[in-house]
Amino acid sequence: MLHKIINLTVRDVRFPTSLEQHGSDAMHTDPDYSAAYVVLDTDCGLKGFGLTFTLGKGTEIVVCAVEALTGLVVGKTLEEIVSNFRGFYRLLTSDGQMRWLGPEKGVIQLATAAVLNAVWDLWARVEGKPLWKLLADMDPKQIVSCIDFRYITDVLTEEEAVDILVKAQKGKQLREDQMLKEGYPAYTTSCAWLGYSDQQLKQLCTEALKSGWTQFKVKVGADLEDDIRRCRLIRQMIGPSNTLMIDANQRWDVAEAISWVSSLAEFKPLWIEEPTSPDDILGHAAISKALAPLGIGVATGEQCHNRVMFKQFLQASALQFVQIDSCRLGSVNENLAVLLMAHKFQVPVCPHAGGVGLCELVQHLILFDYICVSANLSNRMCEYVDHLHEHFTSPVVIRDAHYMPPKEPGYSCEMLESSVQRHRYPEGDVWKLHMKT
């Protein structure tokens, strides 16, 4: 069975999360969590499901970009793709005409991620394994063969990557068993979106503490006095021993970020996330250097375009926490490169997962990171948001504030068809009703 891809469909699926301020922050005040949702059909009946995350308006542009890539995918067999996965990745990202739209950044890279996520999902389903297990069972050389090392060999060569993975073989089975038993540590962002009232924040914090959460993130950046009040409130709620992080979602200039975060230092945040433009590597480096004496790290990555930018962030000591995203980078392939570079620089990876389907996807990558790359849980955790999981056939399982490893084959991003139909934009029933009101 060659599993020939005979069709690719992509749909614009949007959830009206802005109505209740879910996901709201200092820059994105009214997000509607959305996805360009891809389904690959094969000649043997198996399907692959993938998505890329958006905030509502503009999802139709990503859908167009996915459609532009379709001709590079349909007609190929899965075996053809995975036997030269690096070549297939480069085919999608380096088309002689379409790469002009990137290269490897923005809408065209989001589209590439959606397509590749579906390919990885299909591969895992064919092998009958969840994606993290598919990766964990691979030979180090096979893993490395999936990565495009172009532009990063000055920091990480193929030989170094293989060596990192070979060294991590020691204790690998014990770590896998540990994850199956205990799960991967998570933190919650669901308690303190910027648009939430104090009453809502208190209620959600109380419930989270009862459920075993010990690590909390607060959105900041719109108003300093308001931030001081909200950080004081949440610190009082969670106590001095639990962990607090703050996230400005790119709101500030460099000097402003240093000043603003210094004013919040009394609340002992572990990190400030996205303090300034996600493209300003040297700005992040300056902020990191200024905040280090306060014991506050810098975290970023959810809008970092590609492995090249992550390379420079690491070279410049511009971040203390790497935040990979399963849809911003070029799917699993490019995230593997970043995980290996982060390990070489000994910077912990704490993935971004604030969006529809992102928790479902990125759990696989961080499980692989612990089992096969970092072998370390110090200062490491994966974001969790408690929104929209009910729309997936295999939603994440959280137990005692830990991600429990998925057991079903695939990449966990298949949506319920009924949810897709209801939330298709603009023809789904949810949007027809919403537009009437």
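Nothing here was measured: the structure is a model prediction, and the numbers come from that model.

Basis of the calculations
Residues numbered from 1 in each chain as written. Predicted model: local features only at pLDDT ≥ 70, side-chain atom pairs only at ≥ 80, totals over all residues. Heavy atoms only, no water. Helix = DSSP H or I, 4+ residues; strand = E, 2+ residues; numbered from the N terminus. Rg over C-alpha atoms; globule rule 2.2 N^0.38 Å. Buried < 20%, exposed > 50% of the residue type's maximum accessible area, 1.4 Å probe, protein only. Contact = heavy atoms within 4.5 Å. Lys, Arg positive; Asp, Glu negative; His and termini not counted. Charge placed at Lys NZ, Arg CZ, Asp CG, Glu CD. Core = buried A, V, L, I, M, F, W, Y, C linked by side-chain atoms within 4.5 Å. Pairing = 2+ DSSP bridges. Axes fitted to C-alpha atoms, helices over the stretch in contact; angles between N-to-C directions. Phe/Tyr/Trp six-rings, centres within 6.5 Å; stacked < 30°, edge-to-face > 60°. Lys NZ or Arg CZ within 6 Å of the ring centre and 35° of its normal. Parallel < 35°, antiparallel > 145°, perpendicular 65-115°, else oblique. Left-handed = near helix turned anticlockwise from the far one by under 90°. Nonpolar A, V, L, I, M, F, W, Y, C, P; charged D, E, K, R; others polar.

## Description of the overall build of the protein
Within the protein, the regular secondary structure consists of 17 helices and twelve strands. The C-alpha radius of gyration of the protein comes to 21 Å, within 12% of the 22 Å expected for a compact globule of 437 residues. The 437 residues of the protein split such that 59% are buried. Across the protein, the fraction of contacts at a sequence separation of at least 24, relative to all contacts at a separation of at least 6, is 75%. Charge centroids of the protein, computed over 42 positive and 54 negative side chains, lie 3 Å from each other.

## Considering the nonpolar core
F85, W120, I272, V322 and M415 are the most contacted members of the largest nonpolar core, which totals 143 residues. One finds Y187, W271, C350 and M381 within the second-largest nonpolar core, a separate group that totals seven residues.

## What to know about the sheet that holds strand β1 (residues 5–14)
Strand pairing in a sheet relies on backbone hydrogen bonds. The paired strands run either parallel or antiparallel. Pairing is antiparallel in the open sheet, where three strands are placed in the order β1-β2-β3. Each edge of the sheet is formed by a strand with only one pairing partner; in this case those strands are β1 and β3 (47–54). This sheet shows a mean twist of 15° between the axes of neighbouring strands, independent of strand direction. Note: strand β2 (residues 34–42) against β3, eight bridges, orientation antiparallel. Within β3, the position partnered with D41 by the bridge is K47.

## Structural notes on the environment of A401
Assignment of secondary structure puts A401 in the loop between β11 (398–399) and β12 (402–403). Residue A401 is classed as buried on the basis of its relative accessible area of 6%. On a C-alpha basis, the gap between A401 and A186 in space is 5.5 Å, while along the polypeptide they are 215 residues apart. Residues within four places of A401 in sequence aside, it is in contact with Y184, P185, A186, S211, G212 and W213.

## Section: the packing of aromatic side chains
Scanning the model with the defined rule gives twelve aromatic pairs in all. Here the guanidinium or amino end of R14 rests over the ring plane of Y425, the centre of that ring lying 3.7 Å away.

## Considerations on unusual backbone geometry
The step from G102 to P103 runs through a cis peptide bond, and the omega angle for that step is -15°. The linkage connecting Y425 with the following residue, P426, adopts the cis geometry, with an omega of 0°. The phi dihedral of N249 falls on the positive side, at around 50°, and the residue is not glycine. Within the secondary structure layout, N249 lies in the loop between β6 (243–247) and α11 (254–263). Unusually for a residue other than glycine, Q346 sits at a positive phi of about 55°. With respect to the helices and strands, Q346 occurs in the loop between α14 (331–344) and α15 (358–374). Classification of Q346 as exposed rests on a relative accessible area of 55%.

## A word on the packing of helix α3 (residues 85–93) against helix α4 (residues 106–127)
For the pair α3 and α4, the least separation of the axes is 10 Å and the interaxial angle reads 150°. Comparing the axis directions of α3 and α4 gives the class roughly antiparallel. Crossing of α3 over α4 shows right-handed handedness. For the pair α3 and α4, the contacting residues are F85, F88, Y89, L92 and T93 in the first and Q109, T112, V115, L116, V119, W120 and W123 in the second.

## Section: the side chain of S394
Mapped onto the elements, S394 comes out in the loop between β10 (382–384) and β11. Excluding residues that lie within four positions of it along the chain, S394 makes contacts with E360, E408 and S412.

## Describing the packing of helix α7 (residues 158–167) against α14
Between α7 and α14, the least distance of the axes is 11 Å, while the angle of their chain directions is 75°. As far as their axial angle goes, α14 and α7 are roughly perpendicular. Seen from α7, the contacting residues are E160, A161, I164 and L165; seen from α14, they are L340, H343 and K344. Its residues assigned to classes, the contact of α7 with α14 shows four nonpolar, one polar and two charged.

Keep in mind that these numbers describe shape and distance, not what the molecule does.
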